[in-house]
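Single-letter residue listing:
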Amino acid sequence: MDWSTDPADAAAHFARRLAVETDVSDVHAALETGDPGFVLLDSRSREAWDQGRVPGAVHLPGRELADRAEAELDRSVPVVTYCWGPGCNGATRAALVLAGLGYRVREMIGGFEYWAREGLPVATADGLTRPDVDPLTAPRAVSCGC
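Now for a quick tour of the structure. Since the structure is predicted, the reported quantities are computational estimates derived from the model, not experimental observations. (Residues numbered from 1 in each chain as written. Predicted model: local features only at pLDDT ≥ 70, side-chain atom pairs only at ≥ 80, totals over all residues. Heavy atoms only, no water.)

### Topic: the pattern of salt bridges
As a reminder, the rule being used: A carboxyl oxygen of Asp or Glu within 4 Å of a side-chain nitrogen of Lys or Arg is what we treat as a salt bridge. Secondary structure counts use DSSP, requiring at least four H or I residues in a row for a helix and at least two E residues in a row for a strand, with both numbered from the N terminus. Any residue under 20% of the maximum accessible area for its type is buried, any over 50% is exposed, and the rest in between are partly exposed; the area is computed with a 1.4 Å probe on protein chains only.
On inspection of all chains with the given rule, the structure shows 8 salt bridges. Taking the shortest distance from any N to any O, the salt bridge between Arg-68 and Glu-72 comes out at 2.6 Å. A residue pair is termed a helical-turn pair when its members lie 3 or 4 positions apart in one helix, as Arg-68 and Glu-72 do in helix H4 (residues 65-72) at 4 residues. We classify Glu-72 as partly exposed; its relative accessible area is 39%. Between Arg-75 and Glu-70 there is a salt bridge, with the nearest N and O atoms lying 2.3 Å from each other. Judged by its relative accessible area of 55%, Glu-70 falls in the exposed class. Overlapping salt bridges, with partners in common, bring together Glu-64, Arg-68 and Glu-72 in one network.

### Quick look at the pairing of strand E4 (residues 79-82)
Here is the rule we go by: Here the rule is simple: two strands pair whenever DSSP picks up at least two bridges between them. The definition of a right-handed crossover adopted here requires that, viewed with the strands pointing away, the path from the first strand over the helix to the second runs clockwise.
The alternating pattern of E4 places Val-79 and Thr-81 and Val-80 and Tyr-82 on opposite faces, both of which are buried. With 4 bridges joining them, strand E2 (residues 39-42) and E4 adopt parallel strand pairing. Bridging across to E4, Val-39 finds its partner in Val-79. Viewed along the sheet, the connection from E4 through helix H5 (residues 90-100) into strand E5 (residues 105-109) turns out right-handed.

### As for the packing of H4 against H5
Spelled out, the test is: In this analysis an axis means a line fitted to C-alpha atoms, helices contributing only their contacting stretch, and an angle means the value between N-to-C directions, from 0 to 180 degrees. Here is the rule for angles: anything less than 35 degrees is roughly parallel, anything more than 145 is roughly antiparallel, 65 through 115 is roughly perpendicular, and the remaining ranges are oblique. In this scheme the handedness of a crossing depends on how the near helix is turned from the far one: anticlockwise by less than a right angle means left-handed, clockwise means right-handed. By the convention used here, residues are in contact when the closest approach between their heavy atoms is within 4.5 Å. For this classification, the nonpolar set comprises Ala, Val, Leu, Ile, Met, Phe, Trp, Tyr, Cys and Pro, the charged set comprises Asp, Glu, Lys and Arg, and every other residue, Gly included, is treated as polar.
Orientation of H4 relative to H5, taken along the N-to-C sense of each, is 55°, at an axis distance of 10 Å. The angle between H4 and H5 falls in the class oblique. When the axes of H4 and H5 are compared, the crossing they make is right-handed. The residues of H5 that touch H4, namely those facing Leu-65, Ala-66 and Ala-69, are Ala-94, Val-97 and Leu-98. Residue composition of the contact of H4 with H5, grouped by class: 6 nonpolar, no polar and no charged.

What follows is the structure in structure tokens.
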């Protein structure tokens, strides 16, 4: 393993990531204020959306984003994208499309998978549920304390 990366280069890299990423816990905390300062965008398919979603999210499938963003999103409001989870890059692709269209955007790392695994509210046609916290992904208090 090569450990020759200059600490300043590493710091710049990690600062850049933090400028374009956010996490499930921070998104939840912002949504809880009632005025998060962003639109949360679910870029998954209709079928995935119907199975469960983050309450308050806007549904705009990634495959339709370039055609529908202008009509459905206010360019003056930042957007946070999410897709299924860490094994999917749909939120990254959606964020790239939006950035290319001139939107201020971040990606919610962990996606819907970690939203649900951390026991946060999930919306469906039947209403809101709160899944059990997965002890392998989140401590009992929802926040990892970082």
